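Chain and residue survey
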Amino acid sequence: MPITSVFYKKWAETYEELASAAHYAGNLGLRIYLGPSYQSGMRVVQPDGTIQLMWDEESGKEGLDRAVKFIEEFDGTYDDLVRGMLAPERIECQTEESLKQTKAYSESLGVPIKLHAAQGSFEYHTIVEKHGVTPIQYLKNVGFLGPKTGIPHANFIAGYSEAETGQGDDIKILTETGTTVIHCPVIMGRRGSGLESFAKYKRSGVNVAIGTDTFPPDIFQNIRAGSMISRMHEKDVESSSFADFFRAATLGGAKFLGREDLGRLAVGAKADIIVVDLEGYHMGVSDDPIRTMVMSGSGRDIKLSIINGKIVMKDRQIPQIDLKELQSKAQHYFEKMKRVIYKEITNS
């Protein structure tokens, strides 16, 4: 379920960008949930450093229409490897009507929703000031939450250490509605924040999946960081085990997608398998394989990837893909983006 930033776009992702991504993913044999993001507002940083929201509700409506069109065209294509999803961008950049329509389309089309919410101070306090309730409570009130809804990052809730206001039990709401929290420990840890804590959400019955939301998109690194952050909050080791995080990374994600045929090796499940090399010197001695893999490994230690029963990567080589060329193109694009941003800043 990839994400691309809208910060370097005119407004939001185009239909053509996501259609191209779907074709590339399908030809590579990747299992993917995809949909163009859309927004009715955009965060704009003012010269004095404050953040304001700039609104264009018509663009938000057009974006939602593009997302629905994408689902109708691509959902189930490439031997069902490509599925559609709805990806409204950030709760504070959505109108109430957009959220309600997104939920309605999710139900009628049978696709999941991913909405970034309860993730930062500006967003949290903006929603509380505007609606009188926390972001999670606001989403409940408009009927947005539920088993098909996934919320990255859902850490900024009532009672959170940085929350200056807001009452209620947001974790209970997440549990009762069956909403999934998509926990991305590394990106949040870089900002000095995160769930308080993974173990608490798990004990409360919240379905937690693991995401990355940053580069490198390394699940091993996120499990390792997430476990340490949770243990520091809990002052306890056992409640934040690697096994708990491994289940969140596999079964938690599959549950959110409503897919009992994913996230496990079992009769009737899809043959989606990775093989991890535990023989490298950096792995040290091998104890429990999951513990060894998470403690010492990374995505670079995956030497074989099988998706839907077909080998898509072997010996760390992807057929017909030149990774060095892609890295060079990415660096060129990044440098171009920086020049454009610098030019705009200096001209303003």
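Quick look at the structure, then. (Residues numbered from 1 in each chain as written. Predicted model: local features only at pLDDT ≥ 70, side-chain atom pairs only at ≥ 80, totals over all residues. Heavy atoms only, no water.)

**Side note on the side chain of Ser-193**
With respect to the helices and strands, Ser-193 occurs in the loop between α8 (185-190) and α9 (198-203). Beyond its immediate stretch of four places on either side in the chain, Ser-193 contacts Asn-155, Tyr-160, Glu-162 and Met-188. (Helix = DSSP H or I, 4+ residues; strand = E, 2+ residues; numbered from the N terminus. Contact = heavy atoms within 4.5 Å.)

**Digging into the packing of aromatic side chains**
Going through the model one piece at a time under the given rule, you end up with 5 aromatic pairs. Centre to centre, the rings of Tyr-15 and Phe-70 are 6.1 Å apart; their planes meet at 75 degrees, and the pair counts as edge-to-face. Here Tyr-15 is found in helix α1 (residues 15-28), whereas its partner Phe-70 is found in helix α2 (residues 57-74), with 55 residues between them in sequence. Judged on exposure class, the residue Tyr-15 and its partner Phe-70 are both buried. (Phe/Tyr/Trp six-rings, centres within 6.5 Å; stacked < 30°, edge-to-face > 60°. Buried < 20%, exposed > 50% of the residue type's maximum accessible area, 1.4 Å probe, protein only.)

**Some points on helix α5 (residues 121-131)**
Considered for burial, the residues of α5 that qualify are Glu-123, Tyr-124, His-125, Ile-127 and Val-128. Those residues of α5 hidden inside the fold are in contact with α6 (135-141). Just downstream of α5, Gly-132 is the residue with a positive phi angle, here 80 degrees.

**Let's talk about the pairing of strand β12 (residues 302-307)**
Taken across its 6 residues, β12 has 5 buried, putting it largely inside the fold. Direction of pairing for strand β11 (residues 273-276) relative to β12: antiparallel, over a ladder of 4 bridges. Its bridge partner lying in β12, Ile-273 is registered against Ile-306. The sheet contact formed by β12 and strand β13 (residues 310-314) spans 4 bridges and is antiparallel. Within β13, the residue paired with Ser-305 across the bridge is Met-313. (Pairing = 2+ DSSP bridges.)

**Quick look at the layout of surface pockets**
Taken as a whole, the second largest pocket encloses approximately 720 Å³ of empty space. Around the second largest pocket sit 20 residues that line it, and Phe-7, Val-44, Val-45, Ile-341 and Glu-344 are the ones nearest its centre. Top contributing element to the lining of the second largest pocket by residue count: helix α13 (residues 323-347), with 5 residues. (1 Å grid on protein atoms, 1.4 Å probe; cavity = no way out; pocket = protein on both sides within 12 Å on 5 of 7 lines; lining within 4 Å. Points joined across faces, edges and corners; volume = space filled by probe spheres on them.)

**What to know about the sheet that holds β13**
Pairing between sheet strands relies on hydrogen bonds along the backbone, with the strands arranged either parallel or antiparallel. The strand order across the open sheet formed by 3 strands is β11-β12-β13, and the pairing between neighbours is antiparallel. Pairing within the sheet leaves two strands with one partner each, and these edge strands are β11 and β13. In this sheet, neighbouring strand axes are inclined to one another by 15 degrees on average, regardless of whether the strands run parallel or antiparallel. (Axes fitted to C-alpha atoms, helices over the stretch in contact; angles between N-to-C directions.)

**Structural notes on the nonpolar core**
Grouped together as the largest cluster of nonpolar side chains are 45 residues, with contacts concentrated most on Leu-86, Leu-115, Leu-139 and Tyr-201. Secondary-structure elements contributing two or more residues to this core are α2, α6, α7 (170-177), α9, β10 (207-210), α10 (219-234), α11 (242-257) and α12 (289-296). With 4 residues, the top contributor of residues to this core is α2. Once you skip the residues sitting within four places of it in the chain, Leu-86 turns out to touch Tyr-38, Leu-64, Ala-67, Ile-71, Thr-102, Tyr-105, Ser-106, Val-111, Pro-112, Ile-113 and Lys-114. Formed by 10 residues, the second largest nonpolar core is a distinct cluster that contains Ala-25, Leu-34, Phe-70 and Phe-74. (Core = buried A, V, L, I, M, F, W, Y, C linked by side-chain atoms within 4.5 Å.)

**Re the pattern of salt bridges**
Counted by the stated rule, this structure contains 16 salt bridges. Where Glu-107 meets Lys-103, a salt bridge forms, and the shortest distance between an N and an O atom there is 3.5 Å. Taken together, the positions of Glu-107 and Lys-103, both in helix α4 (residues 96-109) and 4 residues apart, correspond to about one turn of that helix. A relative accessible area of 45% means that Glu-107 is categorised as partly exposed. Here Glu-176 ties to Lys-172 by a salt bridge, and the two come within 3.9 Å at their closest N and O atoms. In this pair, Glu-176 and Lys-172 both sit in helix α7, 4 residues apart, roughly one turn of the helix. Residues participating in the shared-partner salt-bridge network are Arg-43, Glu-89, Arg-90 and Glu-92. (Salt bridge = Lys/Arg side-chain N within 4 Å of Asp/Glu carboxyl O.)

**Describing α1**
Structurally, the α-helix is built with 3.6 residues per turn, so residues lying three or four positions apart point the same way. Its 14 residues place the ends of α1 20 Å apart at the C-alpha level, agreeing with the 20 Å of an ideal helix rising 1.5 Å per residue. When α1 is considered as a whole, its buried residues turn out to be Tyr-15, Leu-18, Ala-19, Ala-22, Ala-25 and Gly-26. Down the axis of α1, the sector holding all buried residues measures 130 degrees, keeping them to one side. Away from the buried face of α1 by more than 90 degrees, exposed residues Glu-16, Tyr-24 and Asn-27 are located. Taken together, the buried residues of α1 touch β1 (32-34), α2, α3 (77-80) and β5 (82-84). Just downstream of α1 lies Gly-29, where phi reads positive at about 80 degrees. (Expected span 1.5 Å × (residues − 1). Arc of directions from axis to C-beta.)

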